[in-house]
Amino acid sequence: MNRQDRMLQLVLSDEKLIKAYDIEPDKYPTLHEALYAEDPIVASIAMIIDSIKDNFDEPDMKALYTKIQHHLNDTLLI
């Protein structure tokens, strides 16, 4: 599992996201599978994560994860 797959699993395993959209994180083990998901939320998250470049370091990854999580919580999980 690469870094982008791990990031995807971190985001998709958010309990609020799972409850609100009935997302099954195990259904999308890789970023590639999530990019082609029929679920628009999963596909959107995958597109954001796919934009991450390999030169991101660990603090950048954590900051991006936090940003995605806050965005989803603030805009989609009302």
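Everything below is about the structure shown above.
Not measured: the values here are computed from a predicted model.

1. Remarks on the overall build of the chain
Tallying secondary structure elements over the chain gives five helices and zero strands in all. The helix and strand sequence of the chain, counted from the amino end, reads α-α-α-α-α. For 78 residues, the compact-globule formula gives about 12 Å, and the C-alpha radius of gyration of the chain, at 12 Å, lands near that figure. Taking the principal axes of the C-alpha coordinates as reference, the chain spans close to 35 × 25 × 15 Å. Taken over 78 residues, the chain has a buried fraction of 36%.

2. Considerations on the side chain of Asp5
Residue position: Asp5 is located in helix 1 (residues 3-12). Despite its burial, Asp5 remains without a salt bridge, the nearest opposite charge being carried by Arg6 at 8.0 Å. Not counting the four nearest positions on each side in its chain, Asp5 is found in contact with Pro29, Thr30 and Leu31.

3. Overview of unusual backbone geometry
We note that Asp22 has phi near 50 degrees; this positive angle belongs to a residue other than glycine. The exposure class of Asp22 is exposed, given its relative accessible area of 64%.

What counts as what
- Residues numbered from 1 in each chain as written.
- Predicted model: local features only at pLDDT ≥ 70, side-chain atom pairs only at ≥ 80, totals over all residues.
- Heavy atoms only, no water.
- Helix = DSSP H or I, 4+ residues; strand = E, 2+ residues; numbered from the N terminus.
- Rg over C-alpha atoms; globule rule 2.2 N^0.38 Å.
- Buried < 20%, exposed > 50% of the residue type's maximum accessible area, 1.4 Å probe, protein only.
- Lys, Arg positive; Asp, Glu negative; His and termini not counted.
- Salt bridge = Lys/Arg side-chain N within 4 Å of Asp/Glu carboxyl O.
- Contact = heavy atoms within 4.5 Å.

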